[in-house]
Amino acid sequence: MTLAGVRDLAASATAAADAAEQPWVGGWEAGMTAAGPSLSDQTVRMAVHTNVAGRKVRLRLSNAYGSAPLVIGAVNVAVRTSGGSLAARTRHKVTFHGATGAVIPVGGELGSDAVDFTTAADEDLLVSVYLPKTTGPATFHSVARDTSYISWANPGSVA
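Residues numbered from 1 in each chain as written. Predicted model: local features only at pLDDT ≥ 70, side-chain atom pairs only at ≥ 80, totals over all residues. Heavy atoms only, no water.

Participant: Help me understand the overall build of the protein, please; the structure alone is not making it clear to me.
Facilitator: Each helix and strand in the protein was counted, giving zero helices and 15 strands. Here the protein holds 159 residues, and 47% of them are scored as buried. In the protein, 83% of the contacts between residues at least 6 apart in sequence involve partners at least 24 apart. With the model as given, the accessible surface of the protein reaches about 7200 Å², and the carbon-plus-sulfur share is 51%. (Helix = DSSP H or I, 4+ residues; strand = E, 2+ residues; numbered from the N terminus. Buried < 20%, exposed > 50% of the residue type's maximum accessible area, 1.4 Å probe, protein only. Contact = heavy atoms within 4.5 Å. Areas by Shrake-Rupley, 256 points an atom, 1.4 Å probe, with all protein chains shown as cover.)

Participant: Which parts of the structure should I look at to understand the side chain of Asp 41?
Facilitator: Among the secondary structure elements, Asp 41 is positioned in the loop between strand 3 (33-36) and strand 4 (42-49). Despite being buried, Asp 41 has no salt bridge partner; Lys 133 is the closest side chain of opposite charge, sitting 9.0 Å away. Among the polar contacts made by the side chain of Asp 41, one reaches the side chain of Tyr 130 at a distance of 2.3 Å. (Lys, Arg positive; Asp, Glu negative; His and termini not counted. Salt bridge = Lys/Arg side-chain N within 4 Å of Asp/Glu carboxyl O. Polar contact = N/O pair within 3.5 Å; in protein donor to acceptor, adjacent residues only side chain to side chain.)

Participant: Sorry if this is basic, but what is going on with the side chain of Thr 90 here?
Facilitator: Tracing the backbone through its elements, the reader meets Thr 90 in the loop between strand 8 (85-86) and strand 9 (92-94). Here Thr 90 is in contact with Val 77, Ala 78, Val 79 and Phe 117, once residues within four sequence places are set aside.

Participant: Any chance you could explain unusual backbone geometry here in plain terms?
Facilitator: Keep in mind that most residues, glycine aside, have a negative phi and that most peptide bonds are trans. Positive phi, close to 60 degrees, is recorded for Arg 89, a residue that is not glycine. Position of Arg 89 among the secondary structure elements: in the loop between strand 8 and strand 9. What makes Arg 89 exposed here is its relative accessible area of 81%. The backbone of Asp 122 shows a phi angle near 65 degrees, a positive value even though the residue is not glycine. Among the structural elements, Asp 122 can be located in the loop between strand 12 (115-119) and strand 13 (124-131). Using a relative accessible area of 59% as the deciding quantity, one classes Asp 122 as exposed.

Participant: What am I meant to see in the pairing of strand 4 here?
Facilitator: One face of the sheet, then the other: side chains in a regular strand alternate in exactly this way. For strand 4, the tally of buried residues reaches seven of eight residues, placing the bulk of the element in the interior. As paired elements, strand 4 and strand 13 share eight bridges and run antiparallel to each other. In the strand pairing of strand 13, Gln 42 is matched with Leu 131. (Pairing = 2+ DSSP bridges.)

Participant: Even after reading the chapter, I still don't get the pairing of strand 5 (residues 54-62), so can you show me in this structure?
Facilitator: Both strand 5 and strand 12 contribute to a ladder of three bridges, which runs antiparallel. Bridge pairing in strand 12 links Gly 54 to Thr 119. Where strand 5 lies against strand 11 (residues 109-111), three bridges are found, and the strand directions are antiparallel. Counterpart to Ser 62 in the pairing with strand 11 is Glu 109.

Participant: Hey, could you run me through the environment of Val 94 in this one?
Facilitator: Note that Val 94 resides in strand 9. Counting along the chain gives 20 residues from Val 94 to Ala 74, while the straight-line C-alpha distance between them is 7.5 Å. Setting aside chain neighbours within four positions, we find Val 94 in contact with Leu 59, Val 75, Asn 76, Val 77, Ala 99, Thr 100, Ser 112 and Val 115.

Participant: Would you explain the confidence of the model for the protein in this entry?
Facilitator: Predicted coordinates in areas of low pLDDT are best not read in detail. For the protein, the mean per-residue pLDDT works out to 80, and 82% of the residues sit at or above 70. Per-residue pLDDT, averaged within each element of the protein, yields its smallest value for strand 1 (residues 10-16) (48) and its largest for strand 10 (residues 102-104) (96). Note on residues 1-11: pLDDT is under 50 here. Beyond four places in sequence and across chains, it has 72 contacts. (pLDDT = per-residue confidence, 0-100.)

Printed below as a string of structure tokens:
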């Protein structure tokens, strides 16, 4: 992901040609820092620029510097057309141990289940994360080079 102002968490994506046949390969990862703003009942959409092609994607979400458990309501991944817009019919739901939501403890990380999602090398993806509860000052990527998008408060999930 190429994140520019991820304000509540940091994420990384990995892709592999086939998880059963080949090892997972890192496709993108961000350096994380503390003291991002607090969000509540909002969705953060982060841009990710892949380095490798593959047929499956996994995400890793972090609450390394959070001050409270981070409640994840829903996550999806899609191909980016431009800005914060998704390519038609590319949005895929991301799950964690089969569930659409999860809680990441303070200082913790959470890896997603593998998503059947074909990616090209040098492609832009969008990862949307719905945060239904107040995050408190959060883990974020302070030197991103692309724009991240944050919904208005109280929209419900747009992930």
